[in-house]
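Read off the chains here:
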Amino acid sequence: MRFERRGDKWRAIVRRKGEPARTGTFPTKAMAQTWGGRIEREILQRRASGESIADSMTLKALIEWYVERDLVKLGRSKAADLARMKNYEIAKQVASTLRAQDYIKHIESRRRDGAGPATALNDLIWLRGVLKAARAGIGLTASLQPIEDATVYLREARLISKPRQRTRRLST
């Protein structure tokens, strides 16, 4: 744990191997020390219980991890969609606590905002990919069943669907 003076405030920086760096800014050094100690205890408690750091990450943090890991080159559309998804309400929630209703609410909101059924389906596809990668890569214990249940419901409600087949004429 490290402390830095930033003007009239104090910044606490907590770094542990295998954990994302956490920072907080406070009006006094004592408050920064208290916060830093609490964060370190939380990390130790999580390690002792066998819980993964991924289980406490928001969907936004998982998307950022997914994009930054750079194992697979993201296409332009997927990269833009993931960047956009970080700003939605669903991204503020802890990923391991998401339920089918949360995904359904997200898609309903997207449809109200003008997204088509295929675009809404893409959101679920990208989110499923992020969750699968986090399960394999950083030990996320969240089930994929809620997103599967939401997909089934949304297909039946015709809120998501595959894109319409394109009709193309051969040019001569």
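Residues numbered from 1 in each chain as written. Predicted model: local features only at pLDDT ≥ 70, side-chain atom pairs only at ≥ 80, totals over all residues. Heavy atoms only, no water.

**Things to note about the sheet that holds strand E1 (residues 2–6)**
- Pairing is antiparallel across the open sheet formed by three strands, whose spatial order is E1-E2-E3. In this open sheet, the two edge strands, each paired with only one partner strand, are E1 and strand E3 (22–26). Strand-to-strand twist of the sheet, defined as the mean angle between neighbouring strand axes without regard to direction, takes the value 20°.
- Judged from the five bridges that link them, E1 and strand E2 (residues 9–14) form a sheet pairing that is antiparallel. Paired with Glu 4 across the two strands is Arg 11, which belongs to E2. (Pairing = 2+ DSSP bridges. Helix = DSSP H or I, 4+ residues; strand = E, 2+ residues; numbered from the N terminus. Axes fitted to C-alpha atoms, helices over the stretch in contact; angles between N-to-C directions.)

**What to know about the packing of helix H5 (residues 117–137) against helix H6 (residues 145–156)**
- Two numbers describe how H5 lies on H6: the axes approach to 11 Å, and their chain directions differ by 170°. On the basis of the axis angle, H5 is roughly antiparallel to H6. Contacts between H5 and H6 pair Leu 121, Leu 124, Leu 127, Arg 128 and Leu 131 from the former with Ile 147, Glu 148, Thr 151, Leu 154 and Arg 155 from the latter.
- A class-by-class count of the residues in the contact of H5 with H6 yields six nonpolar, one polar and three charged. (Parallel < 35°, antiparallel > 145°, perpendicular 65-115°, else oblique. Contact = heavy atoms within 4.5 Å. Nonpolar A, V, L, I, M, F, W, Y, C, P; charged D, E, K, R; others polar.)

**What to know about the packing of helix H2 (residues 59–68) against H5**
- Between H2 and H5, the least distance of the axes is 10 Å, while the angle of their chain directions is 75°. As judged from the angle between their axes, H2 and H5 are roughly perpendicular. Of the residues in H5, those in contact with Leu 59, Leu 62, Ile 63, Trp 65 and Tyr 66 of H2 are Leu 127, Gly 129, Val 130, Leu 131, Ala 133, Ala 134 and Gly 137.

**Considerations on the pattern of salt bridges**
- Tallied over the entire structure, the rule returns eight salt bridges.
- Across the salt bridge formed by Asp 123 and Arg 84, the nearest N and O atoms sit 3.6 Å from each other. Residue Asp 123 is located in helix H5, and its partner Arg 84 is located in helix H3 (residues 76–85); the two are separated by 39 residues in the primary sequence.
- A residue is classified by how much of its surface remains accessible, and Asp 123, at 0% relative accessible area, is buried.
- On the basis of relative accessibility, which here comes to 24%, the residue Arg 84 falls in the partly exposed class.
- Glu 148 is the partner of Arg 128 in a salt bridge, and the nearest nitrogen-oxygen pair spans 2.9 Å. Remark: Glu 148 occurs in helix H6 and Arg 128 occurs in helix H5; sequence separation between them is 20 residues. (Salt bridge = Lys/Arg side-chain N within 4 Å of Asp/Glu carboxyl O. Buried < 20%, exposed > 50% of the residue type's maximum accessible area, 1.4 Å probe, protein only.)

Taken by themselves, the reported measurements are silent on function.
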